[in-house]
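Residues per chain, in single letters:
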Amino acid sequence: ATGAVTANADLRTKYEKGYDYNMAKFEPNAVGEWFEQIDALTAWMTGKTVDAVVNMELGTNIHDYTDTPADEDLKAGCTISMTSFLNAVKQAGENQK
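A short tour of the structure in this document, coming up. (Residues numbered from 1 in each chain as written. Predicted model: local features only at pLDDT ≥ 70, side-chain atom pairs only at ≥ 80, totals over all residues. Heavy atoms only, no water.)

### Here we look at the packing of aromatic side chains
What the rule picks out here adds up to three aromatic pairs. Pairing Y15 with F35 gives two aromatic rings, centres 6.1 Å apart and planes at 90°, and the pair type is edge-to-face. Of this pair, Y15 sits in helix α1 (residues 14–17) while F35 sits in helix α3 (residues 34–45), and the two are 20 residues apart along the sequence. According to the relative accessible area criterion, F35 is buried, its value standing at 15%. Judged by centre distance (5.0 Å) and plane angle (90°), the ring pair of Y19 and F35 falls under edge-to-face. Taken together, the positions of Y19 in the loop between α1 and α2 (23–26) and F35 in helix α3 put the pair 16 residues apart, joining distant regions of the chain. The rings of Y15, Y19 and F35 are connected pair by pair, giving a single aromatic cluster. The ring of W44 has K48 lying over it, and the distance from NZ or CZ to the ring centre is 4.5 Å. (Phe/Tyr/Trp six-rings, centres within 6.5 Å; stacked < 30°, edge-to-face > 60°. Helix = DSSP H or I, 4+ residues; strand = E, 2+ residues; numbered from the N terminus. Buried < 20%, exposed > 50% of the residue type's maximum accessible area, 1.4 Å probe, protein only. Lys NZ or Arg CZ within 6 Å of the ring centre and 35° of its normal.)

Laid out in C-alpha cells, this is it:
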C-alpha cells in the first residue's frame, strides 16, 4: 500500500549475485557457480552461428537432466539445463532476420 518493497529486497539476477547465489555451496557436484557456468557457455557460443548453438548436442548430467551440454569441453565448465538458453538464442536469431 505504501509502495515499499516488503519481500526479498535482493533484486539482483542470478548472474549479478555471483558467488552470493550459492549454487556450488548447495550442490557439491557443481562445476562452478551459476555465473561461471554462464561465462563458460558464453565463451563456447562466441564465434558460432545461431544454428550451431541451437543445434548443440545435448546429454545427461548428474541429476539426469537430459538437456545439458554433451560437448566435453563445454561440459567441463557448464552442466546446467540448456532449454531456456537455446530457446532464447533461437528467438534472438529469428528477431534478427
